[in-house]
Amino acid sequence: MEKVKSKAITGKKVKMTPSEAIVETLVAEGVTHINGILGSAFMDLLDLLPAAGIRFIGVRHEQSGAHMADAYTRVSGIAGVVIGQNGPGITNMVTSVAAAYQAHTPMVVISPSAGTPTIGWDGFQECDQVSVFKAITKETVRVTHPSRVADCLRTAFRIAYAERGPVLFDIPRDYFYGELEDQILEPHQYRVDARGCGSPESLERAAQLLSEAKYPVIISGRGTVDSDGIDAVRVIAEYLTAPVAVSYMHNDAFPANHPLAVGPIGYMGAKSAMKTLAKADVVLAIGTRLSVFGTLPCYDIDYFPKTAQIIQIDINPRNIARTHPIEVGIIGDARAASQEIMKRLKEIAPSRKENSDRLLEVANEKQVWEQELVDLAMVEGSPINPRRALLELTKAIPENTIVTTDIGNVSSTANAYLKFNEGRKHIAALTFGNTGFAYPSALGAKIAQPDCPVVAIVGDGAWGMSLHEVSTAVEENIPVVACVFNNGAWCAEKKNQVDFYNNRFVGADIDNPDFAEVARAMGAVGIRVEKAEELGAVIQEAIKSNKPTVIDIQVDGSQLAPPFRKDALKMPIRLLEKYAHLDHRNW
């Protein structure tokens, strides 16, 4: 797990091969590892990595490699790098690169492509990878000549960081060979990391609105975490006595133990957050795009205020007012903009009396919600109520634990139970919502923060898409704990069939093996848990062991959260006679 330090050869033009120029640029960028599966297309570059101090992490599927890079970047702030064989190796990454694109995660995909002498002849493993990735990357950078490899790779990193997303660096496989003369630059010579705070006029208008607000509420999102801006948000919240909600599946965007924290909004979020946000006359949305899915009604509470004046801060102007009409839009870094707003609030009124009634109101809302969560968890299950398992898990993990969550019925219910008191601790599948995300992401998070325990929350369906990476964890000695919630079904979709299709289950049930036994066969620790009261101690022991561990948690498949897309489903109507018995009017 130890990172090897290496220094790039910078400062003057030198003769080198294209492979050497690429690797030296990676070293200059602080890249310590690359995820992927080896292939003949980039064998010349691969051979250089050990001498360069760059660790090659061989995964079992390229999709996992990009999920690892996504989580590594969210935890470390350093753009992850992935590579694969041209054709199928690169196209295997489509899902995970699309997930990183939706999550605004900087990443560089080194994409070897067919050799220039054979392009267009449908050669072995030939694919127009640039066209495939255009819609799911911030840019596709094509190397047009071997002498341009370092320049093009610098461009890929520049765009990845500047526009917050993955970039494809496409290089014909024959361009790794040859000789060139070039200078390896330091990152500060070709990209800028510092962000602005927004226009003075917008900042002043925002401060004025907040100072006059009767019930201001803050929504803190991923941008707050990425900018290390949580403390700046806290200062504004305390000055205004403004409750702070966190955006969907970014439960680490504000300390849960703060008196003004009300919890997450979005699917399976906190009722305390939703009821509080519904009262707002001014909403300060910091570092969040206010996604449609993340602001939908939940628990039959249509909580997002319709008449509140919204102040939205985002680094990407495309996200501002994209989903909700705003009063003030600020294009800027979440932390820098928050600090500037606070300066202006102090100018308007150097001090402001704390609203003790609001603090009490927030405390009461949270207490009621916390009790409801416990009551729901303590309902008996057969064998374990999934909510009880989540409750025991959250009580057992240490304060500094990073938790990765997949998509699915139980994984999404975790949104209500997971609490964090510092940033870069919650790594979720977010609104792209692909299964098989959590476990490879846990591996990437552990590489980024080897001293923090890392726990993945995974459903049994998603586990079927990711359990092969247990071999990677064992081989690379990456000691993460996979908590597999085994209910024998694709339960997010099964709940749709319960509520909308009269309990007609098609494709929902899964006949699983003993996942603990499978884990042991792969060289990991495998434990099966069938009693809720045993789970906490098992998780603590798994973390303490510092070994790759799979905990197969047997949970009740009938205790299900509400449908994901209640907004997009309708009761079935059938017009043909042969399907009449499936019409909801005939049940």
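Residues numbered from 1 in each chain as written. Predicted model: local features only at pLDDT ≥ 70, side-chain atom pairs only at ≥ 80, totals over all residues. Heavy atoms only, no water.

Undergrad: Could you give an account of unusual backbone geometry, naming the residues involved and the relevant values?
TA: Of the consecutive residues Ser 382 and Pro 383, the connecting peptide bond is found in the cis state with omega at 0 degrees. Structurally, the position occupied by Pro 383 is in the loop between helix H14 (356-377) and helix H15 (386-396). Here Thr 241, not a glycine, exhibits a phi torsion of approximately 50 degrees, which is positive. Tracing the backbone through its elements, the reader meets Thr 241 in the loop between helix H11 (230-240) and strand E10 (244-246). (Helix = DSSP H or I, 4+ residues; strand = E, 2+ residues; numbered from the N terminus.)

Undergrad: Explain the nonpolar core to me, and be specific about the residues and the numbers.
TA: For soluble globular proteins, nonpolar side chains are generally found buried alongside one another. Membership of the largest hydrophobic core comes to 53 residues, with the highest contact counts inside it found for Leu 277, Cys 483, Phe 485, Ile 539, Ile 551 and Ile 553. Beyond its immediate chain neighbours, meaning those up to four positions away, Leu 277 contacts Val 217, Ile 219, Ile 265, Val 283, Tyr 303, Phe 304 and Pro 305. In terms of nonpolar packing, the next biggest core, distinct from the first, is built from 47 residues, Ala 445, Val 458, Trp 463 and Ala 482 among them. (Core = buried A, V, L, I, M, F, W, Y, C linked by side-chain atoms within 4.5 Å. Buried < 20%, exposed > 50% of the residue type's maximum accessible area, 1.4 Å probe, protein only. Contact = heavy atoms within 4.5 Å.)

Undergrad: Which residues make up the sheet that holds strand E6 (residues 139-142), and what are the values?
TA: Taken together, 6 strands build an open sheet; the order of strands is E3-E2-E4-E5-E7-E6 and the sheet is parallel. Every other strand in the sheet has two partners, leaving strand E3 (55-58) and E6 as the edge strands with one partner each. Along the sheet, successive strands turn relative to each other by an average axial angle of 25 degrees, direction set aside. (Pairing = 2+ DSSP bridges. Axes fitted to C-alpha atoms, helices over the stretch in contact; angles between N-to-C directions.)

Undergrad: Can you tell me about the pattern of salt bridges, naming the residues and giving the values?
TA: In total, this model carries 28 salt bridges according to the counting rule given. Residue Asp 226 pairs with Arg 222 through a salt bridge whose shortest N-O separation is 2.8 Å. Within this pair, Asp 226 and its partner Arg 222 are both found in helix H10 (residues 222-226), separated by 4 residues, close to a single helical turn. In this structure, the salt-bridge partner of Glu 370 is Lys 419, at a minimum N-O distance of 3.4 Å. Here Glu 370, found in helix H14, pairs with Lys 419, found in the loop between helix H16 (409-417) and strand E16 (426-428); they are 49 residues apart in sequence, far enough to count as distant. We classify Lys 419 as partly exposed; its relative accessible area is 44%. (Salt bridge = Lys/Arg side-chain N within 4 Å of Asp/Glu carboxyl O.)

Undergrad: Describe the environment of Ala 580, listing the residues and the values that go with them.
TA: Here Ala 580 shows up in the segment after strand E20 (549-554). When sequence neighbours within four positions are dropped, the list of residues in contact with Ala 580 reads Arg 574 and Asn 586.

Undergrad: An account of the sheet that holds strand E13 (residues 309-314) is needed here, citing residue identities and associated values.
TA: As summarised here, the arrangement of the 6 strands in space is E11-E10-E9-E12-E13-E14, forming an open sheet in which the pairing is parallel. The two strands at the open ends of the sheet, each matched to only one other strand, are strand E11 (261-264) and strand E14 (328-331). Across the sheet, the axes of successive neighbouring strands diverge by a mean angle of 15 degrees, strand direction being ignored. With 3 bridges joining them, strand E9 (residues 216-220) and E10 adopt parallel strand pairing.

Undergrad: Could you give me a rundown of helix H22 (residues 532-545), with the residues and numbers involved?
TA: Here H22 is 14 residues long and its end C-alpha atoms lie 21 Å apart, about the 20 Å a rise of 1.5 Å per residue gives. For H22, the set of buried residues is Ala 532, Leu 535, Gly 536, Val 538, Ile 539, Ala 542 and Ile 543. Once H22 finishes, Asn 546 follows within two positions and takes phi at roughly 60 degrees, a positive value. (Expected span 1.5 Å × (residues − 1).)

Undergrad: Give me the lowdown on the pairing of E13, citing residues and values where you can.
TA: In terms of burial, E13 is a largely internal element, 5 of the 6 residues being buried. Here E13 pairs with E14 via 4 bridges, running parallel. Residue Ile 313 lies in a different strand from E14, and its bridge partner there is Ile 330.

Undergrad: Can you break down the pairing of strand E5 (residues 107-113) residue by residue, with the values?
TA: Taken across its 7 residues, E5 has 7 buried, putting it largely inside the fold. A two-sided burial pattern is seen for E5, the buried positions comprising Met 107, Val 109, Ser 111 and Ser 113 on one face and Val 108, Ile 110 and Pro 112 on the other. Pairing of strand E4 (residues 80-83) with E5 involves 4 bridges; the strand directions are parallel. Within E5, the residue paired with Gly 80 across the bridge is Met 107. Bridge analysis of E5 against strand E7 (residues 166-172) gives 7 bridges, and the strand direction is parallel. The residue bridging Ser 113 from the neighbouring strand is Pro 172, located in E7.

Undergrad: Give me the lowdown on the side chain of Arg 387, citing residues and values where you can.
TA: Considering the arrangement of structural elements, one finds Arg 387 in helix H15. Those residues in contact with Arg 387 that lie beyond four places of it in its chain are Met 268, Leu 373, Leu 376, Ala 377, Thr 413 and Tyr 417.

Undergrad: Tell me what's going on with the packing of helix H9 (residues 200-212) against helix H13 (residues 334-348), and back it up with residues and numbers.
TA: Relative placement of two packed helices is described by the angle separating their axes and the distance separating the axes. Between H9 and H13, whose axes approach to 9 Å, the crossing angle comes to 55 degrees. In terms of orientation, H9 lies oblique with respect to H13. The handedness of the crossing between H9 and H13 is right-handed. Here H9 contributes Pro 200, Leu 203, Glu 204, Ala 206, Ala 207, Gln 208, Leu 210 and Ser 211 to the contact with H13, which in turn contributes Ala 337, Glu 340, Ile 341, Arg 344, Leu 345 and Ile 348. Residues that form the contact of H9 with H13 fall into these classes: 9 nonpolar, 2 polar and 3 charged. (Parallel < 35°, antiparallel > 145°, perpendicular 65-115°, else oblique. Left-handed = near helix turned anticlockwise from the far one by under 90°. Nonpolar A, V, L, I, M, F, W, Y, C, P; charged D, E, K, R; others polar.)

Nothing here speaks to function; it is geometry throughout.
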